[in-house]
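# A structural walkthrough
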Amino acid sequence: MTCVQCNEKSEKTLYDKTVARRVATASRRTKRSLAALAVMGLFVGGSAASLQPAVAASDFAGFTTFAQATPLRVEIYEAAIPIPASPQIEFNFSYTKVAGATGPIGTARASAMWPGDGVGEGLKTFGEQLGLPGQLTDGGYPAQVNAQSPGDTATASQEFLPGSVGRVSTSDKKAVAKVGYGTTGDVTEGGTNGDAKPPNLLDILQGDPTALAGLLLGTATGKPGDAAPSSSPLGALGVIVAAGGMESISTTTYEADADRVVATATARLGSVALLAGLVKLDGVEVVTKTTSNVTGGAKTTKSITIGAMTVAGNKFGYTGTGFEAMGNQTPIPGLPDDPVKALAALGIKFEMGKSVASKDGAVGAISAEGLRISIDTTPLTALLPKLPLADLVNGLPDLPGQAAILKGLIVALGEAHPRIDLVLGSAITNAQTVKALPFPETPTTPTDTPEAPVVAPLAPTDATGSIVDPGAPEATPPVVNPLPPVTNVADIPGLPPLGSIPMALIVGGLLLASALGWYITTAGNLLFGGAAACAHGLKAGIPDLRKV
Amino acid sequence: MSVPILDVIDIHAAYGRIEVLRGVNLTIPKGSVLALLGPNGAGKSTLLKVISGQMEQTSGDIHLAGVHVTGAKPDDLARAGLTTIPEGRSVFPNLTVEENLLLMSYAGVAADKVFDTAYSYFPRLHERRYQLAGTMSGGEQQMLAMARALSSDPALLLLDELSMGLAPLIVDDLYETVGRIAQSGVSILVVEQFARTALRVSDYAAVMTGGRVVATGEPDEIGEIMADVILGGAA
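Just so you know, these numbers come straight off a predicted model, no measurement behind them.

## Considering the overall build of chain A
- When helices and strands are tallied, chain A shows 12 helices and 18 strands.
- Counting the 548 residues in chain A, one finds 28% classified as buried.
- Once local pairs closer than 6 in sequence are excluded, the contacts in chain A between residues at least 24 apart make up 61%.
- When the accessible surface of chain A is totalled, it reaches about 34,500 Å², and 64% of it is carbon and sulfur.

## Considering the overall build of chain B
- Within chain B, the secondary structure is distributed over 9 helices and 10 strands.
- Of all 235 residues assigned to chain B, the portion counted as buried reaches 56%.
- Once local pairs closer than 6 in sequence are excluded, the contacts in chain B between residues at least 24 apart make up 67%.
- With an accessible surface of roughly 9,800 Å², chain B has 50% of that area assigned to carbon and sulfur atoms.

## Section: the interface of chain B and chain A
- Contacts between the two partners involve 45 residues from chain B and, on the opposite side, 32 residues from chain A.
- Summing both partners gives a buried area of about 3,300 Å² for chain B against chain A, and 62% of it is carried by carbon and sulfur.
- Linking chain B with chain A are 1 salt bridge.
- Across the contact surface, chain B and chain A share 7 residue pairs in polar contact (both at pLDDT 80 or more).
- Going through the elements one at a time, β4 (59–64), β5 (67–68), α2 (74–79), α8 (195–201) and α9 (219–234) of chain B are the ones with two or more residues in the side of chain B that touches chain A.
- At 8 residues, the largest contribution of residues to the side of chain B that touches chain A is made by α9 of chain B.
- The residue makeup of the side of chain B that touches chain A, split by class, is 25 nonpolar, 13 polar and 7 charged.

## Here's the deal with the sheet that holds strand β3 (residues 33–37) of chain B
Residue and element names in this part refer to chain B.
- Taken together, the 6 strands give an open sheet; going across it, the order is β6-β7-β8-β3-β9-β10, and neighbouring strands pair in mixed fashion. Each edge of the open sheet is held by one strand with a lone partner, namely β6 (82–85) and β10 (212–217). The average undirected angle you get between the axes of adjacent strands in this sheet is 15 degrees.
- The sheet contact formed by β6 and strand β7 (residues 156–160) spans 4 bridges and is parallel. The residue bridging I85 from the neighbouring strand is L159, located in β7.
- Helix α6 (residues 138–150) rests against β6 and β7 of the sheet, and its axis sits at about 170 degrees to β6.
- Across the sheet, helix α7 (residues 168–183) touches β3, β7 and β8 (187–192), and the angle it forms with β8 is around 155 degrees.

## Some points on the pattern of salt bridges
- The tally for this structure, following the rule as stated, stands at 15 salt bridges over all chains.
- Salt-bridge contacts for D76 of chain B lead to R79 of chain B; the nearest nitrogen and oxygen are separated by 3.3 Å. Placement of both D76 of chain B and R79 of chain B in helix α2 is noted, with a separation of 3 residues, approximately one turn of the helix.
- Looking at R79 of chain B, the relative accessible area reads 57%, which means it is exposed.
- Residues joined by salt bridges that share partners form a network here, namely R73, E75, E369, R372, R419 and D421 of chain A.

## Examining the packing of aromatic side chains
All names here are of chain A.
- Enumeration over the complete set of coordinates arrives at 6 aromatic pairs over all chains.
- Ring plane angle 85 degrees and centroid distance 5.6 Å describe the contact between W114 and Y141, whose orientation is recorded as edge-to-face. Within this pair, whereas W114 is found in strand β3 (residues 105–114), its partner Y141 is found in the loop between α5 (134–137) and β4 (144–149), the two being separated by 27 residues in sequence. Summarising the burial analysis for this pair, W114 and Y141 share the class buried.

## Here's the deal with helix α4 (residues 111–121) of chain B
- Listing the buried residues of α4 of chain B in full gives V114, F115, T117, A118, Y119 and Y121 of chain B.
- Each element contacted by the buried residues of α4 of chain B is listed here: α3 (97–102), α5 (123–127), α6 and α7 of chain B.

## Re the pairing of β4 of chain B
Residue and element names in this part refer to chain B.
- Strand direction decides the pairing type here: strand β1 (residues 6–15) and β4, joined by 5 bridges, are antiparallel. Residue L6 lies in a different strand from β4, and its bridge partner there is L64.
- In terms of strand pairing, β4 meets β5 through 2 bridges, oriented antiparallel. Across the sheet, the residue bridging to L64 is V67, located in β5.
- Between the end of β4 and the start of β5, which pair antiparallel, lie 2 residues, with A65 showing a positive phi angle near 55 degrees.

## With respect to α7 of chain B
Residues and elements named next belong to chain B.
- Spanning 16 residues, α7 covers 23 Å between terminal C-alpha atoms, matching the ideal 22 Å at 1.5 Å per step.
- Burial in α7 covers these residues: V171, L174, Y175, T177, V178, G179, I181 and A182.
- Among the structural elements, β3, α4, α6, β7, β8 and α8 are those in contact with the buried residues of α7.
- Phi turns positive one or two residues past the end of α7, at G185, with a value near 105 degrees.

## Examining the nonpolar core
All names here are of chain B.
- Core analysis: the largest hydrophobic core is formed by 47 residues, its most contacted members being L101, F122, L125 and I188.
- A total of 7 residues in this core trace back to one element, the largest contributor, which is α6.
- Formed jointly, this core draws a minimum of three residues from each of two domains, domain 1 (1–81 + 157–235) and domain 2 (91–153).

## Things to note about the sheet that holds β4 of chain B
All names here are of chain B.
- Spatially, the 4 strands line up as an open sheet ordered β2-β1-β4-β5, and their pairing is antiparallel. Only two strands of the sheet have a single partner each, and these edge strands are β2 (18–28) and β5.
- This element, helix α1 (residues 44–51), spans β1, β2 and β4 of the sheet and lies at about 115 degrees to β1.

## Comments concerning the environment of D61 of chain B
- Take D61 of chain B: it is sitting in strand β4.
- Judged by its relative accessible area of 15%, D61 of chain B falls in the buried class.
- Taking C-alpha positions, D61 of chain B is 6.8 Å from D10 of chain B, a pair spaced 51 residues apart along the chain.
- In contact with D61 of chain B, not counting residues within four places along its chain, are C534 and H536 of chain A together with D7, V8, I9, I11, H68 and T70 of chain B.

Reading the values: the criteria
Residues numbered from 1 in each chain as written. Chains lettered and ligands numbered in written order. Predicted model: local features only at pLDDT ≥ 70, side-chain atom pairs only at ≥ 80, totals over all residues. Heavy atoms only, no water. Helix = DSSP H or I, 4+ residues; strand = E, 2+ residues; numbered from the N terminus. Buried < 20%, exposed > 50% of the residue type's maximum accessible area, 1.4 Å probe, protein only. Contact = heavy atoms within 4.5 Å. Areas by Shrake-Rupley, 256 points an atom, 1.4 Å probe, with all protein chains shown as cover. Buried area = accessible area lost by both parts, 1.4 Å probe. Salt bridge = Lys/Arg side-chain N within 4 Å of Asp/Glu carboxyl O. Polar contact = N/O pair within 3.5 Å; in protein donor to acceptor, adjacent residues only side chain to side chain. Nonpolar A, V, L, I, M, F, W, Y, C, P; charged D, E, K, R; others polar. Pairing = 2+ DSSP bridges. Axes fitted to C-alpha atoms, helices over the stretch in contact; angles between N-to-C directions. Phe/Tyr/Trp six-rings, centres within 6.5 Å; stacked < 30°, edge-to-face > 60°. Expected span 1.5 Å × (residues − 1). Core = buried A, V, L, I, M, F, W, Y, C linked by side-chain atoms within 4.5 Å. Domains from an automatic or database assignment.

Shown next as structure tokens:
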């Protein structure tokens, strides 16, 4: 077959086929090599990435955190009230408290009105002592909701009054307690959203103004995967008007992988938010925050705001240090003296809230109050005509049983002139971390064997097995990893070796000290009467109570 | 009259400059149950701390079975048979019931004996033996705390606020167990605010207020004058 014929038939020669096959094979090899390199690159990259720590380990081994907030506290100081506490009576409205501890253990409490720990925890006892029916007090103080982690109640909520909701939740990372009266059915934490942009109403409507009708009617819709709509008392109308009277939020975070613990308390009195927060009016807001870690120590911050209005994220208002507008503060003159003196004559005193902070290493605590109004009723009661209360009460018939004491109490309270303090906005936080105790390192005995065995070089042999002179070596053979040097035990710092003179001196000294101690104790007992070490003539010691 | 198992004489104690015990006198005859009642802040728990050696008194004497033990360490007293169940239960929440009990075996009591004692007094703990203690109810945690104390074979048991945070029915059940423990010969000092239930199982009662014991007597007598003593005394 000629080449012309081949061309005519469009057939390839064996040579052409071989070349084409080699080219295709080379191409496949190149692709496989590139793929292999890519896979190896991914593997190496992945390995390198896996060497990086996934999360930062915490620098503390133990911690405690605490946060407590109440927007309004009424304290009544009156010695005639038979309650062993100071103040004798207190009411904390919209009260929240959280605590965290090593474990992690988190607890949270929210109450519409907390009467102080004395009464709140011991209501049952008070009921018993006053002879109240058990049904009233056996269940404990009712207007509270609690959660604990680990525990059987990790989250809980309760609507104390219509619109006043308390929520508590705890986990192994944080504890949160919230109380608030508001049309949104929820409250937000203070001190963290200062730089946040106010939401756009159109964004809330998702760009569809016709959705306003559904919004006003309380219809809530969502895309797949969206969270369930909030259970607001007014439905979605809360977006338009969110009115909050007294709110408080206490939170604490203590993630095991985080490098710090945080406690935040927010107390807020009187707030109204319009158009999804575009315009906000706040009365009193007190925020305290304490963070702690071992490396950086404790840090405390506070924010006290009184009478603030926020429009589109810009705050105008009077703070504890002056008038604030557009982030700038200007000092203001104090209150005129005359009205203050006039109020003082009536026993009414205004004080800007005190703030007390303390830091000691990784231990930090801060408490802050917005405004304290102190009312001493002594001048007021002096102005009132005395009622013949004792005569009226003595005219009553004797009350049965334990209630008889109430007559005496009524007479005593008639003579009372309590001091009443109103604290507007109170927040307390503290946090503490401690580092792990260092475990003593056990000295290791250098007995590790080297990885490469020590092998004596064999003499070269010929085919018959006889030893052949290798002649002069061309180079020094490499030194196989030698055994580490054995350290003499006597060289290790610590006790001297047994059998040595220093050890004998130490043992002898200990024995001598023991003998001397025994002698002094015995002699003392003999001289001063060890059997009568007590003023009542009884012998001292620790008896085995099980054999008495 | 036999020597009392506990005799507290004119004990004073203070937290810093605040004196909370102002001359407490108290006696518990051997094998009896004494209920120590009083309002918050009366000094009841502080007295228990002083008796168990966890806090040092500023003056006064403590006698156990006729022996002067002032200044003794809490662990020495515990080995001698004085056992405290603290307020708030203090179980390990992240350990199971069985692990909580197992910790008592490190004090020298065999684990099997610890489990036998605990489960015979509280069969419910056997049902929950693999459950984390922190996830149990308050009553069950209190049972665990009591079981842990009983496994150390106490001769004098100090119980602090057994009823705190518990439902009345649970409190009644726990005090029935306290009665059974007392019948076995263990002397018990019960500090309690839940006065009526505690008085039901006690042989004697005392009322503390303002850092002093202001009344002692039989449970019936104390029950009648309880309100007068606490409220009237303060007013």
